[in-house]
Amino acid sequence: MAKIIIDNQELECREGMPVLRAALEAGWDIPHYCYHPGLSVAASCRLCLMEMKMPHPKTREMDWAPKLFPACQTPVRDGLEVRFNSDVVKTAQESCMEFFLLNHPLDCPVCDQAGECCLQDYSYKFGRAESRMVDPKVVNPKKDIGPHTLLYTDRCVTCTRCVRFTREIAGTGELCLVQRGSKNEIDVFPGRPLDNPMQGNVVDICPVGCLLDKDFLFKRRVWELTGTSSICPGCATGCSIRVDHADNRVYRLKPRYNPKVNDWWMCDEGRFGFKYTQDNARIIKPMLRRGREETSPSWREIPDIVRFRFQDHVRASSADKVVAVLSPFMATEEAWLLIRFIREVAPEAALAMGPVPVEGEPQAFPCAPPGAPSMPDVKFTILEEKCPNRRGIEQLLEVSGGTVLTFEAFSEQAAKGDFTAAWIVGGYPKPWVEKDTAKLGSKFGLLVVQDLFENKLTEAAAIVLPACAWVERDGSFVNAKGLAQPFERAISPPDGAMRDGQYLFEIAGFEGLYSGQRVRELMAEATASLTEVYEAPPIPAHAH
Amino acid sequence: MKNVGVDGSTTLKVYESRGGYVAARKALAMDTNAVVEEVKKANLRGRGGAGFPAGVKWGFLPKDRTTTLLCVNADESEPPTFCNRVLMEHDPHQLIEGTIIAAYATRSQVAYIYMRGEFHEQFHVLQKAIDEAYEAGYLGKKVLGTDYALECYIHRGAGAYVCGEETGLIESLEGKRGQPRIKPPFPAIEGLFRRPTVVNNVETLSCLPHIMERGADWFTGIGPPHSAGPKLFCVSGPVNKPGCYEAAMDITVRELIERDDMGGGMLSGRKVKAVFPGGLSMGVLTVDELDMKMDFEDPRNYSLLGLGTAAAVVVDDATDIRLVLRNVARFYGTESCGQCTQCREGTSWMQRIAQRIESGAGRMEDLDLLLETARNMGMMPGLSICGLSDGATYPIETIVKKFRPELEAAIRSQPAGQVEAVLQAAN
């Protein structure tokens with residue numbers, strides 16, 4: 001650790017990191033555009049300039065050098081003394097902000113970025129109140145640069161974060177800077193749109209309203225949104241994300257900094273992958289089926305109905321004829337509750353892992369140029385395993401003991417009629433019931449299916465319980481590397497539905513409200529190894 | 001410039017017959033450090049504009065380096081400068097010889113000559129000379145029969161002012177967008193292709209054969225001690241004999257314009273109104289300041305940035321200073337690379353203000369605004385990545401400060417309501 005002094009205050013920080021990052025993380029609000037901790041240093045916006053003490057060329061005495069230094073480009077070393085609170089620095093910041101706004105259209109009322117815009121914030125904090133620009137502004141064009149993204153170059157501050165992202169993180173390099181001087185603008189190459197699996201991040205890192213997400217465009221003012229910490233369920237990477245929602249509706253997903261998993265990034269598949277949660281075809285009511293008669297009991301009756309039906313069944317046949325199929329989309333806590341219930345009513349019940357969806361190959365970024373070997377320094381990976389919690393469920397199955405089956409083994413045995421009662425959990429965003437699985441519906445005397453959408457199994461089930469999307473639940477997922485991470489509930493389930501955790505909590509015999517934290521405490525009493533979760537440290541709001 | 005004007009001066013035969021490549025032979029027989037020491041002793045200051053001592057620059061190279069690259073800055077793009085052009089056009093072998101000496105002294109394996117895109121004819125002349133030098137064994141695997149190997153390539157730029165800045169040149173040479181790099185690392189540590197790199201101007205290298213041949217003492221004997229050696233001066237504008245002249249650096253601006261063997265005085269009926277003595281970027285002199293010495297130190301006493309390229313352009317009394325202001329501002333407005341905010345926005349703002357003043361719709365406060373913008377672009381070192389931002393502010397600042405009465409009179413004589421009408425039409 002090195003000790004440095006910023007504005008007369010001592011600060012301990014890691015040697016070699018940029019002074020700007022050290023200051024930001026310690027709470028200083030230093031204006032900056034081009035610097036992003038995940039990208040190379042450009043030092044071109046000249047907004048984070050500071051004064052630094054250096055030995056006088058003649059006397060060798062330490063004094064403020066008659067020069068300004070970009071804080072982003074100055075590495076921390078022991079004994080360094082810098083200041084941002086001097087008049088020179090403030091004048092430089094003010095004049096720099098004036099330069100930034102010269103050609104800016106000031107169209108905040110119709111700009112999506114308004115409310116989370118660094119031009120707005122910095123102008124307010126570091127700028128001047130009125131413009132001295134009387135001449136016509138340089139108006140650069142608005143461009144459609146790809147399937148998901150718009151580029152309003154008239155709002156651009158030329159920080160080149162987006163250009164560096166496509167080169168250094170995505171490795172695809174679609175974006176570039178064209179023209180010179182104040183006419184310069186970000187652009188794509190002719191016929192090569194911005195279209196890569198990571199492109200959504202350029203919108204996140206754009207400090208102004210220049211790069212815009214078509215999906216979110218004009219949908220909602222950002223100050224009306226509430227952000228909830230969550231984990232992306234799109235693949236087994238388990239990126240930390242923020243769910244931005246308002247009026248019980250999710251509007252967008254944004255990556256959340258997590259040094260152990262995703263750094264500052266997320267992929268487009270995850271980013272735009274929440275649409276299924278808003279599908280009107282979702283199952284929203286519990287359903288009971290006797291022959292052809294279908295009823296919808298109230299949620300209050302459900303725990304007893306389920307419990308009695310299973311108890312009756314075990315009495316009538318045998319406890320080892322019961323099976324629970326867990327889904328890799330369940331939270332660890334929910335799965336634990338279900339296992340607890342099943343093993344309580346039928347101690348010899350078998351447990352099985354539901355199908356693990358796999359698509360294609362893992363994609364590592366930065367991706368290598370065509371024909372070249374893969375890049376040595378992987379910054380982000382999209383996994384082929386398209387579910388969030390296979391590892392968590394597997395760990396649970398391991399510690400639960402008893403008969404544990406793979407999905408194939410379960411299917412085989414179920415087809416032979418080895419099981420008479422089954423609880424099958426779905427919760428897959430995409431159709432998952434294959435032909436062979438569909439045939440199993442008729443093999444059980446008692447079938448409980450918990451799922452998002454109707455399918456051949458729900459049609460055959462005696463009891464259908466609606467599953468909720470992850471934004472409506474809370475709990476934890478264990479990613480492919482074995483890291484358990486909690487996610488919070490962002491919105492309520494659709495009218496009529498109940499959170500899986502809540503009804504499982506009640507079915508398992510607990511009273512009161514379910515919460516991931518509460519179940520983790522209960523789990524700790526049974527199996528300590530499963531309950532440690534990692535939460536990424538929050539970064540200050542001004543250190544974006 | 002001894003070979004300029006000699007018949008066939010571009011050919012190897014004529015160059016050799018006039019004592020060519022003797023200095024290179026002498027240098028290659030010496031220890032590389034001895035060559036560096038000789039150049040340090042000669043106090044050869046860079047002729048590209050900044051005047052940094054070439055020997056000291058070479059000394060920044062890491063001692064334990066394995067590869068070194070030499071870049072020859074032939075991107076002469078400062079208006080109205082043409083001394084490098086004269087050297088390449090008429091005496092290409094002198095440049096090649098200088099390049100060999102510098103490359104040997106710095107232990108460079110490759111020399112890249114980065115040539116301004118507009119130099120078509122000069123390119124062909126120099127390329128032909130390089131081919132000749134290869135054939136004669138001055139370049140290639142065994143330079144002058146020794147074990148020293150040197151490859152030499154010409155790279156032609158696309159005509160951007162900023163590529164004359166040494167790190168802009170390096171970026172451009174690497175095939176990237178030509179814009180200056182952030183320093184550190186300095187090119188001597190990590191330059192072209194991330195290798196230790198030396199960048200020297202054409203004229204600087206052209207001095208080397210003479211230093212090697214006649215010794216450092218001969219070189220320092222010419223001109224004042226801080227500005228040693230002969231220097232090429234360009235004179236252009238309404239003078240009788242515009243052109244490139246060689247002299248010691250104790251010459252004044254007035255001599256440069258009026259001496260018979262140089263500018264030869266103003267065209268009949270014209271009077272000097274202003275002179276940009278060191279290329280545009282150094283700033284302007286009034287008619288009362290013509291006794292300024294054209295060396296590396298004196299220009300600072302006249303609130304100029306430095307000697308620059310020592311290319312004087314004369315503005316005569318028939319020229320409206322508003323036109324000069326607009327022309328200067330337009331140059332920087334279109335040539336700023338756009339990387340740093342201050343330069344990108346400042347130059348284009350000054351351009352628009354100057355344009356408006358020139359069109360007869362200036363406001364008194366515009367003059368202060370120009371000064372303040374210039375100050376905000378360069379009030380302190382470090383505001384921008386390269387020095388060209390400072391270079392853009394000096395001419396504007398000196399024009400406004402030194403010709404303020406004329407500008408104010410012009411603004412005062414505008415018809416009433418003109419400003420409002422223009423602003424309304426524009427916005």
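Residues numbered from 1 in each chain as written. Chains lettered and ligands numbered in written order. Predicted model: local features only at pLDDT ≥ 70, side-chain atom pairs only at ≥ 80, totals over all residues. Heavy atoms only, no water.

A. Local environment of the overall build of chain A. Each helix and strand counted, chain A has 14 helices and 26 strands in total. Principal-axis analysis of the C-alpha atoms gives chain A an extent of 95 × 50 × 50 Å. Within chain A, the fraction of its 544 residues that count as buried is 57%. Look at the contacts in chain A between residues 6 or more apart in sequence, and 67% of them connect residues 24 or more apart. With the model as given, the accessible surface of chain A reaches about 23200 Å², and the carbon-plus-sulfur share is 51%. Where the 64 positive side-chain charges of chain A centre and where its 73 negative ones centre are 3 Å apart. (Helix = DSSP H or I, 4+ residues; strand = E, 2+ residues; numbered from the N terminus. Buried < 20%, exposed > 50% of the residue type's maximum accessible area, 1.4 Å probe, protein only. Contact = heavy atoms within 4.5 Å. Areas by Shrake-Rupley, 256 points an atom, 1.4 Å probe, with all protein chains shown as cover. Lys, Arg positive; Asp, Glu negative; His and termini not counted. Charge placed at Lys NZ, Arg CZ, Asp CG, Glu CD.)

B. Representation of the overall build of chain B. Along the backbone of chain B there are 17 helices and nine strands. Taking 22 Å as the expected radius of gyration for a compact globule of 427 residues, we find that chain B reaches 22 Å, a close match to that expectation. By the burial criterion, 61% of the 427 residues in chain B qualify as buried. Nonlocal contacts in chain B, meaning residues at least 24 apart in sequence, comprise 70% of its contacts between residues at least 6 apart. Taken as a whole, chain B presents about 16000 Å² of accessible surface, with 52% of it coming from carbon and sulfur. Side chains of chain B carry 47 positive and 54 negative charges; the gap between the two charge centres is 3 Å. (Rg over C-alpha atoms; globule rule 2.2 N^0.38 Å.)

C. Seen up close, the pairing of strand E15 (residues 287-290) of chain A. Residues and elements named next belong to chain A. Taken together, the two bridges between E15 and strand E24 (residues 463-466) define a ladder with antiparallel strand orientation. Considered in E24, the bridge of Met287 is made with Val464. Across three bridges, the pairing between E15 and strand E16 (residues 293-295) is antiparallel. Among the inter-strand pairings, Arg289 is bridged to a residue of E16, identified as Glu294. Taking the residues that link successive antiparallel strands as the turn, the E15-E16 hairpin has two residues, and the phi of Gly291 there is positive, at about 60°. (Pairing = 2+ DSSP bridges.)

D. A look at the domain arrangement of chain B. Residues and elements named next belong to chain B. Entries for chain B in the domain assignment read domain 1 (12-220), domain 2 (227-316) and domain 3 (321-426). Once you take the C-alpha centre of each, domain 1 and domain 3 turn out to be 36 Å apart. Listed as interface residues are 14 residues of domain 1 and, on the opposing side, eight residues of domain 3. Between domain 1 and domain 3, a total of about 950 Å² is buried, with carbon and sulfur atoms accounting for 66% of that surface. Three residues, Tyr161, Gln179 and Pro180, lead the burial of domain 1 against domain 3; their summed loss comes to 50% of the area buried on that side. Here domain 1 and domain 3 share zero salt bridges between them. The interface formed by domain 1 and domain 3 contains three residue pairs in polar contact (both at pLDDT 80 or more). (Domains from an automatic or database assignment. Buried area = accessible area lost by both parts, 1.4 Å probe. Salt bridge = Lys/Arg side-chain N within 4 Å of Asp/Glu carboxyl O. Polar contact = N/O pair within 3.5 Å; in protein donor to acceptor, adjacent residues only side chain to side chain.)

E. A look at the sheet that holds E16(A). All names here are of chain A. Reading across the sheet, the eight strands line up as E16-E15-E24-E23-E22-E17-E18-E21 and stay open at both edges, with mixed pairing between neighbours. The two strands at the open ends of the sheet, each matched to only one other strand, are E16 and strand E21 (404-405). Along the sheet face, helix H7 (residues 302-316) touches E15, strand E17 (322-326), strand E22 (421-425), strand E23 (446-451) and E24 and points at about 140° away from the line of E22. (Axes fitted to C-alpha atoms, helices over the stretch in contact; angles between N-to-C directions.)

F. How the structure looks around the sheet that holds strand E2 (residues 110-115) of chain B. All names here are of chain B. Here four strands make up an open sheet; going across it, the order is E3-E2-E1-E4 and the pairing parallel. Two strands close off the open sheet at either side, each with one partner strand: strand E3 (151-156) and strand E4 (197-201). Here the average twist between neighbouring strands, direction ignored, is 20°. Sheet topology places strand E1 (residues 69-74) next to E2; six bridges connect them, and they run parallel. For Leu70, the partnering residue across the bridge sits in E2 and is Ala111. The strands touched by helix H6 (residues 92-105) are E1 and E2; relative to E1, the strand with the most contacts, the crossing angle is about 150°. Lying over the sheet, helix H8 (residues 166-173) contacts E1, E2, E3 and E4, oriented at roughly 100° with respect to E2.

G. Here's a closer look at helix H14 (residues 364-378) of chain B. Under the 1.5 Å per step criterion, the end-to-end length of H14(B) is 22 Å for 15 residues, consistent within 8% with the ideal 21 Å. Taken as a whole, H14(B) has its buried residues at Asp366(B), Leu367(B), Leu369(B), Leu370(B), Leu371(B), Thr373(B), Ala374(B), Asn376(B) and Met377(B). (Expected span 1.5 Å × (residues − 1).)

H. Layout of the environment of Arg344(B). Mapped onto the elements of the fold, Arg344(B) is located in helix H13 (residues 341-358). Not counting residues up to four positions away in its chain, the partners in contact with Arg344(B) are Phe100(A), Val157(A), Thr158(A), Gly181(A), Ser182(A), Asn184(A), Ser336(B), Gly338(B) and Gln339(B). Of the polar contacts made by the side chain of Arg344(B), one reaches the backbone oxygen of Gln339(B); its length is 3.5 Å.

I. How the structure looks around the nonpolar core. Core analysis: the largest hydrophobic core is formed by 64 residues, its most contacted members being Tyr33(A), Phe100(A), Phe165(A), Leu175(A), Met198(A), Trp265(A) and Trp470(A). Top element by residues in this core is helix H3 (residues 118-126) of chain A. It accounts for four residues. With residues near it in sequence (within four places) discarded, Phe165(A) still touches Leu39(A), Ala170(A), Gly171(A), Met198(A), Asn201(A), Val202(A), Ile205(A) and Trp265(A). Residues Leu12(B), Val39(B), Ile101(B) and Phe219(B) belong to the second largest nonpolar core, which totals 62 residues. (Core = buried A, V, L, I, M, F, W, Y, C linked by side-chain atoms within 4.5 Å.)

J. Geometry of the interface of chain A and chain B. At the junction of the two partners, chain A supplies 39 residues and chain B supplies 41 residues. The junction of chain A with chain B conceals about 3200 Å² of combined surface from both sides, 54% of it contributed by carbon and sulfur atoms. Contact with chain B buries area across many residues of chain A, yet Phe99(A), Arg132(A) and Arg180(A) alone supply 22% of it, more than any other trio. Our count for the contact surface shared by chain A and chain B stands at three salt bridges. For Arg356(B), the salt bridge is made with Asp135(A), and the minimal N-O distance between the two is 2.4 Å. Run the count over chain A and chain B and you get 21 residue pairs in polar contact (both at pLDDT 80 or more).

K. Spotlight on the side chain of Glu385(A). Residue and element names in this part refer to chain A. In this structure, Glu385 sits in the loop between strand E20 (380-382) and helix H9 (390-400). At 2.7 Å, the side chain of Glu385 and the side chain of Arg390 are in polar contact. Apart from residues lying up to four places away in sequence, Glu385 is in contact with Gly234, Cys235, Ala236, Val356, Pro357 and Arg390.

L. Molecular detail of unusual backbone geometry. Note the cis peptide between Phe365(A) and Pro366(A), where omega equals 0°. For the peptide bond that leads from Pro184(B) to Pro185(B), omega is 0°, which places it in the cis range. A positive phi is found at Phe193(B), a non-glycine position, where the angle reads about 50°. Topologically, Phe193(B) is positioned in the loop between H8 and E4. Taking relative accessible area as the criterion, Phe193(B) reaches 37% and is therefore assigned partly exposed.

M. View of the pattern of salt bridges. Residue and element names in this part refer to chain B. As enumerated under the stated definition, the model contains 66 salt bridges over all chains in all. Here Arg363 makes a salt bridge to Glu365, at a shortest N to O gap of 3.3 Å. With relative accessibility at 15%, the residue Arg363 sits in the buried group. Judged by its relative accessible area of 45%, Glu365 falls in the partly exposed class.

N. Looking closely at the packing of aromatic side chains. Residue and element names in this part refer to chain A. Under the counting rule described, the total for this entry stands at 29 aromatic pairs over all chains. Each ring, one from Phe505 and one from Phe510, has its centre 5.1 Å from the other, and the planes form 20°; the classification is stacked. Exposure class is identical for Phe505 and Phe510. Each is buried. One aromatic cluster in this structure is built from Tyr33, Phe100, Tyr122 and Phe126. One cation-aromatic arrangement involves Arg83 over Trp64; the distance from NZ or CZ to the ring centre is 4.0 Å. The ring of Tyr152 carries the charged tip of Lys142 above its face, separated from the ring centre by 4.9 Å. (Phe/Tyr/Trp six-rings, centres within 6.5 Å; stacked < 30°, edge-to-face > 60°. Lys NZ or Arg CZ within 6 Å of the ring centre and 35° of its normal.)

O. Spotlight on the domain arrangement of chain A. Here chain A is described as being made up of domain 1 (2-97), domain 2 (106-116 + 132-224) and domain 3 (302-357 + 388-530). Between the C-alpha centres of domain 2 of chain A and domain 3 of chain A the distance comes to 45 Å.

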